[in-house]
Amino acid sequence: MTSGDVSSGVPGAGGSAPSDTELIRAHVAGDADAFAELVRRHRDRLWAVALRTVGDREEAADALQDALLNAHRNAARFRGDSAVTTWLHRIVVNACLDRLRRRQAHPTVPLPDGNRDDDRPSGPEPAAPATDHDTALVVRDALAALPVEQRAAIVLVDVQGYPVAEVAEMLGVAEGTVKSRCARGRARMAVALGFLRGEGNRTTGGNVPSTSAPVTSLPAGHDRRDER
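Residues numbered from 1 in each chain as written. Predicted model: local features only at pLDDT ≥ 70, side-chain atom pairs only at ≥ 80, totals over all residues. Heavy atoms only, no water.

## Remarks on the overall build of the protein
Next, step 1: What the protein contains, in helices and strands, is nine helices and zero strands.
Next, step 2: Listing every helix and strand of the protein by position from the N terminus yields α-α-α-α-α-α-α-α-α.
Next, step 3: Put simply, the protein has 228 residues, and 43% of those count as buried.
Next, step 4: Within the protein, contacts between residues at least 6 apart in sequence are counted, and of these 68% link residues at least 24 apart.
Next, step 5: Carbon together with sulfur atoms contributes 50% to the accessible area of the protein, which is approximately 12,000 Å² in total. (Helix = DSSP H or I, 4+ residues; strand = E, 2+ residues; numbered from the N terminus. Buried < 20%, exposed > 50% of the residue type's maximum accessible area, 1.4 Å probe, protein only. Contact = heavy atoms within 4.5 Å. Areas by Shrake-Rupley, 256 points an atom, 1.4 Å probe, with all protein chains shown as cover.)

So, in structure tokens, the structure goes:
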């Protein structure tokens, strides 16, 4: 059982809190509150993944809602082969990728201009520091320009901090495929952000993403490494 399988709360004197797997089973058995508790535990991380992957708050919210409804209706299909969090992330990422592919096939809405604040994180997601906000927006634009599969891999590995093996489970691909997508995505972003080397980055000394290092300048949500 992984760290994502249990509640972050302190177990009470009468016993530990139910695990994620136990909540899924209780939901399937008819417990009206079990799935809501599961969502409460993991919604922030799932929202961060949806927002970073889709790049638009309204579409990310719709994708997350679709994914959670899908998980709610199909919980009986969860076989326990992976952690519940991995299963939930897979559903959320697939919902996001479906929306991105539909958007590419039928582009109808122009990208937001620099005067809008719709893509700024709010609530539990910390906004980028004011001094680096312009750079953060440029990095987000570079991330949004990546092919959808590379973007998803970068978001999960470099932004959210999930291990490559777990991301491979989420995306349903081999670990080598995840590594390859990350490497190609980092290379594309390094080219797109090459001009930053001349300006000098205030927090990283002017370094830009490379094919051998994570994209540390990406605005992150809840870093999974903090939980391990």
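## Some words on the confidence of the model for the protein
Next, step 1: Summarising the model, the protein shows a mean pLDDT of 76, and 65% of its residues fall at 70 or more.
Next, step 2: A low-confidence stretch, residues 200–217 stays under pLDDT 50, and its non-local contacts, those more than four residues away or across chains, total 28 contacts.
Next, step 3: Overall, residues 219–228 carries pLDDT values under 50, and its contacts beyond four positions in sequence, including any with other chains, amount to 31 contacts. (pLDDT = per-residue confidence, 0-100.)

## Quick notes on the environment of Ile154
Next, step 1: By the secondary structure assignment, Ile154 is in helix H6 (residues 148–159).
Next, step 2: Note on Ile154: relative accessible area 0%, which makes it buried.
Next, step 3: In this structure, the C-alpha to C-alpha distance between Ile154 and Leu143, residues eleven residues apart in sequence, is 8.3 Å.

## Things to note about the environment of Val159
Next, step 1: With respect to the secondary-structure elements, Val159 resides in helix H6.
Next, step 2: In this structure, the C-alpha to C-alpha distance between Val159 and Arg52, residues 107 residues apart in sequence, is 8.4 Å.

## Describing H6
Next, step 1: With eleven of twelve residues buried, H6 lies mostly within the body of the structure.
Next, step 2: Taken as a whole, H6 has its buried residues at Val148, Gln150, Arg151, Ala152, Ala153, Ile154, Val155, Leu156, Val157, Asp158 and Val159.
Next, step 3: Positive phi shows up at Gly161, right after H6, with a value of about 80°.

## Let's talk about the nonpolar core
Next, step 1: One finds Ile24, Leu38, Val84, Trp87, Leu88 and Val92 to be the most contacted residues of the largest nonpolar core, which totals 26 residues.
Next, step 2: When contributions to this core are tallied by element, the ones reaching two or more residues are helix H1 (20–28), helix H2 (34–54), helix H3 (57–73) and helix H4 (84–105).
Next, step 3: Considering each element in turn, this core owes the most residues, nine residues, to H2.
Next, step 4: The next biggest cluster of nonpolar side chains, apart from the first, holds 24 residues, and it includes Val148, Tyr162, Ala168 and Met189. (Core = buried A, V, L, I, M, F, W, Y, C linked by side-chain atoms within 4.5 Å.)

## A word on the pattern of salt bridges
Next, step 1: Within the structure shown, the criterion is met by nine salt bridges.
Next, step 2: Each of Asp20, Glu37, Arg40 and Arg41 takes part in one network of salt bridges that share partners. (Salt bridge = Lys/Arg side-chain N within 4 Å of Asp/Glu carboxyl O.)

## Some remarks on the packing of H2 against H4
Next, step 1: Contact geometry of H2 with H4 gives a least axis separation of 10 Å together with a crossing angle of 30°. In terms of orientation, H2 lies roughly parallel with respect to H4. Remark: the crossing between H2 and H4 carries right-handed chirality. Residues Leu38, His42, Arg45, Leu46, Val49, Ala50, Thr53 and Val54 of H2 form the contact with H4, whose participating residues are Val84, Thr85, Leu88, His89, Val92, Val93, Cys96, Leu97, Leu100 and Arg103.
Next, step 2: For the contact of H2 with H4, the residue count by class is twelve nonpolar, four polar and two charged. (Axes fitted to C-alpha atoms, helices over the stretch in contact; angles between N-to-C directions. Parallel < 35°, antiparallel > 145°, perpendicular 65-115°, else oblique. Left-handed = near helix turned anticlockwise from the far one by under 90°. Nonpolar A, V, L, I, M, F, W, Y, C, P; charged D, E, K, R; others polar.)

## Looking at the packing of H4 against H6
Next, step 1: The N-to-C vectors of H4 and H6 enclose an angle of 145°; their axes lie 10 Å apart at closest approach. With respect to the hand of their crossing, H4 and H6 are arranged in right-handed fashion. Residues His89, Val93, Leu97, Leu100, Arg101 and Gln104 of H4 pack against Val148, Glu149, Arg151, Ala152 and Leu156 of H6.
Next, step 2: Taken together, the residues of the contact of H4 with H6 break down into six nonpolar, two polar and three charged.

## Topic: the environment of Arg188
Next, step 1: One can find Arg188 in helix H8 (residues 175–192).
Next, step 2: Not counting the four nearest positions on each side in its chain, Arg188 is found in contact with Leu146, Pro147 and Gln150.

## Section: H3
Given 3.6 residues per helical turn, the α-helix brings residues three or four places apart onto the same face.
Next, step 1: The end-to-end C-alpha distance of H3, which contains 17 residues, comes to 24 Å, matching closely the 24 Å that a straight helix rising 1.5 Å per residue would cover.
Next, step 2: Burial in H3 covers these residues: Ala60, Ala63, Leu64, Ala67, Leu68 and Ala71. Down the axis of H3, the buried set is contained in an arc of 130°. They therefore lie on one face. Of the exposed residues in H3, the ones pointing more than 90 degrees away from its buried face are Glu58 and Arg73.
Next, step 3: Turning to H3, the residues buried within the fold contact H2 and H4.
Next, step 4: Its side-chain oxygen 3.1 Å from the backbone nitrogen of Glu58, Asp56 forms the N-cap of H3. (Expected span 1.5 Å × (residues − 1). Arc of directions from axis to C-beta. Polar contact = N/O pair within 3.5 Å; in protein donor to acceptor, adjacent residues only side chain to side chain.)

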